[in-house]
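Per-entry structural report
In case you want the letters, here they are:
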Amino acid sequence: MAATVERRTWDVLVVLTAPPHTTDALTTVLRLAQAVLEREHTIRVWACGSNTMLTQASLGETKPADLRDPATPAPTAGALIRGLLTAYKGRFSWIVCTACSAERGARDHIAEVRLRSDARLAATIAAARRTIYIGGA
Amino acid sequence: MTQDRPAEQYLLVETQSGGTAERFLADAAALAGAGERVRLFLAADGVALGIRGASAGLPQFLGAGGQAWIDEFTLAHRALHAAPLTPGVRATGMGDLADWLLEPGTRVVWH
């Protein structure tokens, strides 16, 4: 009898194509992810388009200081994503679309994220109980 | 959008304002008017719709039997926490949205 491979199912998949830095989409997604994780569920984000640039290691841990509060460090998006990946290891995943990443010359991502070909998007959706698409075409 | 079994309830998340958001609200009102259970969550730029008098479609949605919440984090972020809300709209946090999202039978549309 042929062996079967048990595929893992995730509670929520967010396909994020909305560009960062123009709306609150990224912040909203990270807040939603944290709320889902605090409820002991699983969630992963498929980062498409310019969202693939957020997790480049070269962006470091902090953004330039907020001049209204220079003493408080402002974490980069990559640092926030790494924080969730570390705090909720195994229940949160951030997937970087390799095509979008290569198209933008985004290389050297932080080690915690996964790189996945867009040919795997359908399989990734199939492995989620619920998929939310956020962004434009 | 979800692809699971027939929806027992709809969760509509509006993060924009303007013409397309009003059309989204009209669709939400049509769903609620058809007897479906519809929850609407206003977040990001969508919170503008929840300010009293700002949207023509929101009162129609509520009048059709829909339920609406507004993201308290975004309201504070935009210094709107003291602004008058459309009657029937309640402020809440991302935790409630997560709970509704995770309920079986929920069909989600995010705009």
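Throughout, residues of each chain are indexed from 1 in the direction in which the sequence is written. To read the labels, note that chains go from A and ligands from 1, taken in the order they are written. pLDDT decides what is reported in this predicted model: residues at 70 or higher carry local features, side-chain atom pairs at 80 or more are listed and counted, and totals for whole chains, interfaces and linings draw on all residues regardless.

**Regarding the environment of A:T76**
All names here are of chain A. The line we're drawing: Helix and strand assignments follow DSSP, with helices taken as H or I runs no shorter than four residues and strands as E runs no shorter than two, numbered in order from the N terminus. Here the contact rule is simple: place C-beta atoms from the backbone, and any two residues whose C-beta atoms are within 7 Å are in contact.
By the element assignment, T76 lies in the loop between β2 (43–47) and α2 (77–87). Between the alpha carbons of T76 and L54 there is a distance of 8.2 Å; along the sequence they are 22 residues apart. Leave out the neighbours within four places in its chain, and T76 touches L59, G60, E61, T62 and K63.

**Focus on the sheet that holds strand β3 (residues 92–97) of chain A**
All names here are of chain A. To keep things clear, this is the line we draw: Any two strands between which DSSP finds at least two bridges are classified as paired. Note on geometry: axes are C-alpha line fits, over the in-contact stretch for helices, and angles between N-to-C directions span 0 to 180 degrees.
In spatial order, the strands read β4-β3-β2-β1-β5; together these five strands make up an open sheet with parallel pairing. Only two strands of the sheet have a single partner each, and these edge strands are β4 (114–116) and β5 (131–134). Between one strand axis and the next, the sheet turns by 25° as a mean value, whatever way the strands run. As defined by bridge partners, β2 adjoins β3 across five bridges and the pair is classed as parallel.

**Structural notes on the sheet that holds strand β3 (residues 67–71) of chain B**
Residue and element names in this part refer to chain B. Reading across the sheet, the five strands line up as β4-β3-β2-β1-β5 and stay open at both edges, with parallel pairing between neighbours. Lying at the two open borders of the sheet, with one neighbouring strand each, are β4 (89–92) and β5 (106–110). With direction set aside, neighbouring strand axes in the sheet form an average angle of 25°. For strand β2 (residues 38–42) and β3, the ladder comprises four bridges, and the chain directions are parallel.

**Thoughts on the nonpolar core**
Let me state the cut-off plainly: In plain words, the nonpolar core is the set of buried Ala, Val, Leu, Ile, Met, Phe, Trp, Tyr and Cys residues that C-beta atoms within 7 Å link up. Here the C-beta atoms are placed from the backbone, and a residue counts as buried if at least 20 other C-beta atoms lie within 10 Å of its own, exposed if 12 or fewer do, and partly exposed otherwise.
Counting 65 residues, the largest nonpolar core has A:V14, A:L16, A:A47 and B:A28 as the members making the most contacts within it. Once residues lying within four places of it in the same chain are set aside, the contact partners of A:V14 are A:V29, A:I43, A:V45, A:I132 and A:I134.

**Here we look at unusual backbone geometry**
Residues and elements named next belong to chain A. The backbone phi angle of E40 is positive, close to 70°, even though this residue is not glycine. With respect to the element layout, E40 can be found in the loop between α1 (25–38) and β2. For E40, a count of 9 C-beta atoms within 10 Å corresponds to the exposed category. Although it is not a glycine, D108 adopts a positive phi angle of roughly 55°. Here D108 lies in the loop between α3 (98–103) and β4.

**Points about the interface of chain A and chain B**
How we decide: Under this grouping Gly is polar, as are all residues other than the nonpolar Ala, Val, Leu, Ile, Met, Phe, Trp, Tyr, Cys and Pro and the charged Asp, Glu, Lys and Arg.
Each partner contributes to the interface: chain A provides 18 residues, whereas chain B provides 17 residues. Listing elements by their share of the side of chain A that touches chain B, those giving two or more residues are α1 and β5 of chain A. Looking at the side of chain A that touches chain B element by element, the count peaks at six residues for α1(A). Here the residues of the side of chain A that touches chain B sort into eight nonpolar, four polar and six charged.

**Things to note about the environment of A:Q56**
Residue and element names in this part refer to chain A. Tracing the chain through its elements places Q56 in the loop between β2 and α2. By the C-beta count within 10 Å, which is 20 here, Q56 ends up buried. Distance from Q56 to D108, taken between C-alpha atoms, is 5.8 Å for residues 52 residues apart in sequence.

**Things to note about the packing of α1(A) against helix α4 (residues 94–102) of chain B**
For the record, the criterion: The scheme is simple: roughly parallel for angles under 35 degrees, roughly antiparallel for over 145, roughly perpendicular for 65 to 115, oblique for anything else. For a crossing to be left-handed, the near helix must be turned anticlockwise from the far one by less than a right angle; the clockwise case is right-handed.
At a minimum axis distance of 8 Å, the contact between α1(A) and α4(B) shows a crossing angle of 65°. As judged from the angle between their axes, α1(A) and α4(B) are roughly perpendicular. Both α1(A) and α4(B) take part in a crossing whose hand is right-handed. Residue-level contacts link A:R31, A:L32, A:A35 and A:V36 of α1(A) to B:M94, B:G95, B:L97, B:A98 and B:L102 of α4(B). Taken together, the residues that form the contact of α1(A) with α4(B) break down as seven nonpolar, one polar and one charged.

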